[in-house]
Amino acid sequence: MIPDSVHPGASRAEQDIFSELAALEVAGWEYAMHSTNLPEHDRKRVCEIDFLLLGERGLLVLEVKGGEIFLKKDVWHTRDLKGKRHRLKESPLDQARTSMFALTNVLRRTTADPELVERTVFGYGVVFPDSEFDAVSVEWTPEMVINSIRLDSEGWADCLDRLGAFWEGKPGGRGSLSADEVERYLNVLRPDFDRVLSLRRLDDMVEKELVALTKGQYKALDQHRRNPRLVFEGGAGTGKTMLAVEMCRRARGSGERILLTCRSHVLAAFIRSQQDLEGITVVPFDEVPAFDATTFDVVVVDEAQDVINGHDLDVLDTLLVGGLADGRWAFFLDSNNQRGLVGRYEDDAKVRLDSHRPTFVDLMDNCRNTIEIVRATQERTGADLGVTTAGHGREVVVVEENREKTISTVAAALVELEEHGVPLEQVVLLSPHDLAASIFVELPVEWLERVDVLDLMRMRRPGRGRVGFAQVADFKGLESRYVFLEVDEAADEQAARAQLYVGMTRAKAALWVVKPEALGVEG
């Protein structure tokens, strides 16, 4: 598969087919290229081929259309899995056919041996993985249409074999390619420099997917807007802070006095700096006891696992109209994975909170992390981060070397990010320690001088070309596109797991886990 991970912007059908082709071994086609862009087309400014198969049997263009497919009065339509109908601008078969001819023209111009193109088998077909489409027409043959029925009954290998045999049987004296000729085509279609997307471009696409995904989180508020007491439980990245802020904005419309609080001063200050929070009291929890009794009509607590203990619940019970038993409140928490890093969590206090008959809402959709970050965090901590549909990003990099090699690797990664045009203000170094005690203090001077310890001002207006630094506990509830995380091997098991979980889940697009080997002790 080239590239070796699916395009983050690919449709669900393309993602499924990518996985199926990646697991397939079929004679005659050695390579499958996903999302091949051609600079010219007879009717379009550009042309994209969903999947292009290359091997000794030639080149096959596959056009993918997910959802239900149907043809009515010579107009093609699709119906997606939500039942929404879409009219297609052109026939999928026409799209595949013209893409094949566009590919042929490009290869004639760019291949050193134009005669190679004239003796190569070219073909095309369409894949309808969700549809039983079996319409008959003089414009195509059954071999050219791979539908859900054929995939279920015959499998990919037989479907591709029949499609290839159909095109091989065409007149014209075209035949199979040698291994050298296959590589020559590959070097033209996907030269080495084009096999990996720009890091910044790849991460931009991941970011767009994550932003789009967060829109669905608001449904959780819509469905439970009438419930006076709510407990939202979800792993890191499931949108708890975003939902807490939005809940306060909505409640403000009724003129009620609203408190939004969390344990972290940094997170509270960051939330307070967001737009459209006028009239909402946002303070860190240690300032809450200063308010008079029954000051607030609604209390919303973010990172609530940090305040679920007898003392802190007593504080909230006093200042809320109706108290915790009859008042209006919402707690957003991750009790399974983030306990013990900041504040105090007591099981008895959670039982007390649950006794007030709240509605429990499970947040399952991860709207922060790529598949790679979710998978790596689950493998290392056992935590459930929910389901992410943001697609693939880059693999998590784990650096386990001596301190000198570790620092060298981190510095090289920073250089690579800068060379790819990544804004360094989107990079954060995280450590259980302060900067002076962290491994990052050993960075080369030219990088250390560009590191800022994050406070509210630097988070709101990061210095251009500057790299941020924060302790893991201070960065709870926050996020950054690129994260380098130092692991404290000396911490006890529970603290180490919490630090690893919180630190890893701060990363949105790319993550480096830094575990410098301890220095040996001489005898």
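As a reminder, the structure under discussion sits directly above these lines.
Residues numbered from 1 in each chain as written. Predicted model: local features only at pLDDT ≥ 70, side-chain atom pairs only at ≥ 80, totals over all residues. Heavy atoms only, no water.

Peer 1: Can you help me understand the overall build of the chain in this one?
Peer 2: Counting its regular elements, the chain contains 18 helices and 20 strands. Each of the 523 residues in the chain was classed as buried or not, and the buried ones make up 52%. Total accessible area computed for the chain in this model is approximately 24600 Å², and 48% of it derives from carbon and sulfur atoms. (Helix = DSSP H or I, 4+ residues; strand = E, 2+ residues; numbered from the N terminus. Buried < 20%, exposed > 50% of the residue type's maximum accessible area, 1.4 Å probe, protein only. Areas by Shrake-Rupley, 256 points an atom, 1.4 Å probe, with all protein chains shown as cover.)

Peer 1: I would appreciate a short explanation of the pattern of salt bridges in the present structure.
Peer 2: For side chains of opposite charge, pairing can occur when their charged atoms come near one another. Here the structure, examined in full by the defined rule, presents 31 salt bridges. The partner of Asp94 in a salt bridge is Arg97, and the shortest N-O contact between them spans 3.4 Å. Of the two residues, Asp94 and Arg97 are both situated in helix H2 (residues 92-110); the distance of 3 residues between them amounts to about one turn of the helix. Using a relative accessible area of 28% as the deciding quantity, one classes Asp94 as partly exposed. The partly exposed category is assigned to Arg97, whose relative accessible area is 29%. For Lys350, the salt bridge identified is with Asp354, shortest N-O distance 3.0 Å. With a gap of 4 residues between them, Lys350 and Asp354 both fall in helix H13 (residues 347-354), about one helical turn apart. On the accessibility criterion, Lys350 (13% relative accessible area) is buried. A relative accessible area of 27% means that Asp354 is categorised as partly exposed. Here the residues in one salt-bridge network are Asp113, Arg119, Asp180, Glu181 and Arg184, joined through shared partners. (Salt bridge = Lys/Arg side-chain N within 4 Å of Asp/Glu carboxyl O.)

Peer 1: Before we go on, may I ask you to explain the pairing of strand E7 (residues 122-128) in this structure?
Peer 2: The buried count for E7 comes to 7 of 7 residues, which makes it a mostly enclosed element. Sheet topology places strand E3 (residues 58-64) next to E7; 6 bridges connect them, and they run parallel. Bridged to Leu62 within E7 is Gly125. In this structure, E7 lies alongside strand E8 (residues 145-147), joined through 3 bridges in parallel fashion. The partner of Val127 across the bridge, within E8, is Ile146. (Pairing = 2+ DSSP bridges.)

Peer 1: Explanation requested: the side chain of Arg57 in the structure shown.
Peer 2: Mapped onto the elements of the fold, Arg57 is located in the loop between strand E2 (47-55) and E3. On the basis of relative accessible area, Arg57 is assigned to the buried category, the value being 15%. Within polar-contact distance, the side chain of Arg57 engages the side chain of Asp161 at 2.9 Å. Not counting residues up to four positions away in its chain, the partners in contact with Arg57 are Ala27, Gly28, Trp29, Val121, Asp161, Gly164, Ala165 and Glu168. (Polar contact = N/O pair within 3.5 Å; in protein donor to acceptor, adjacent residues only side chain to side chain. Contact = heavy atoms within 4.5 Å.)

Peer 1: Just checking my understanding: could you explain the sheet that holds strand E5 (residues 75-79) for this structure?
Peer 2: What holds strands together in a sheet is hydrogen bonding between their backbones, with the strands either parallel or antiparallel. An order of E4-E5-E6 is seen for the 3 strands of this open sheet, with the pairing classed as antiparallel. Every interior strand has two partners, whereas the edge strands, strand E4 (68-72) and strand E6 (85-87), have only one. The average undirected angle you get between the axes of adjacent strands in this sheet is 30°. Sheet topology places E5 next to E6; 3 bridges connect them, and they run antiparallel. In the sheet register, His77 faces E6, and the bridge partner there is Arg87. (Axes fitted to C-alpha atoms, helices over the stretch in contact; angles between N-to-C directions.)

Peer 1: What should I look at first to understand the packing of aromatic side chains in this one?
Peer 2: Centre distance and the angle of the planes are the two values used to describe a pair of aromatic rings. All told, the structure shown has 12 aromatic pairs when counted by the stated rule. For the ring pair Trp76 and Trp140, a centre distance of 5.7 Å and an interplane angle of 55° mean the geometry is tilted. With Trp76 in strand E5 and Trp140 in the loop between E7 and E8, this residue pair connects regions lying 64 residues apart in the sequence. There is no split in this pair, since Trp76 and Trp140 are both buried. When the centroid spacing of 5.0 Å and the interplanar angle of 80° are considered together, the rings of Phe166 and Trp167 count as edge-to-face. This pair shows no difference in class: Phe166 is buried, exactly as Trp167 is. An aromatic cluster of three or more residues is present, and its members are Trp76, Phe128, Phe133 and Trp140. (Phe/Tyr/Trp six-rings, centres within 6.5 Å; stacked < 30°, edge-to-face > 60°.)

Peer 1: I would appreciate a short explanation of the nonpolar core in the present structure.
Peer 2: When a protein is soluble and globular, its nonpolar side chains tend to lie buried together. Trp156, Tyr185 and Leu189 are the most contacted members of the largest nonpolar core, which totals 53 residues. Of the residues forming this core, the biggest block, 6 residues, is contributed by helix H5 (residues 155-168). Not counting residues within four places of it along the chain, the set of residues in contact with Trp156 comprises Ile17, Glu20, Leu21, Leu24, Leu62, Val127, Ile146 and Leu151. Core analysis: the second largest hydrophobic core is formed by 47 residues, Ile258, Ala376, Val428 and Leu511 among them. (Core = buried A, V, L, I, M, F, W, Y, C linked by side-chain atoms within 4.5 Å.)

Peer 1: I'm lost on helix H14 (residues 371-381) in this one. Help?
Peer 2: An α-helical segment advances 3.6 residues per turn. Residues three or four places apart therefore align on the same side. Of all the residues in H14, the buried ones are Glu372, Ile373, Val374, Ala376, Thr377 and Thr381. Where H14 is buried, its residues touch helix H18 (493-504) and strand E20 (507-514).

Peer 1: Help me out: how do you make sense of the sheet that holds strand E15 (residues 397-399) in this one?
Peer 2: Judged by pairing direction, the sheet is parallel, and its 6 strands sit side by side in the order E15-E20-E19-E16-E18-E17 without closing on themselves. A single partner strand is all that each edge strand has here, and the edge strands are E15 and strand E17 (451-453). Mean inter-strand twist for the sheet, computed between neighbouring axes without regard to direction, equals 25°. Across the sheet, helix H15 (residues 403-419) is in contact with E15, strand E16 (427-431), strand E19 (480-486) and E20; its angle to E19 comes to roughly 170°. Relative to E20, H18 is tilted by about 140°, and along the sheet it contacts E16, E19 and E20.

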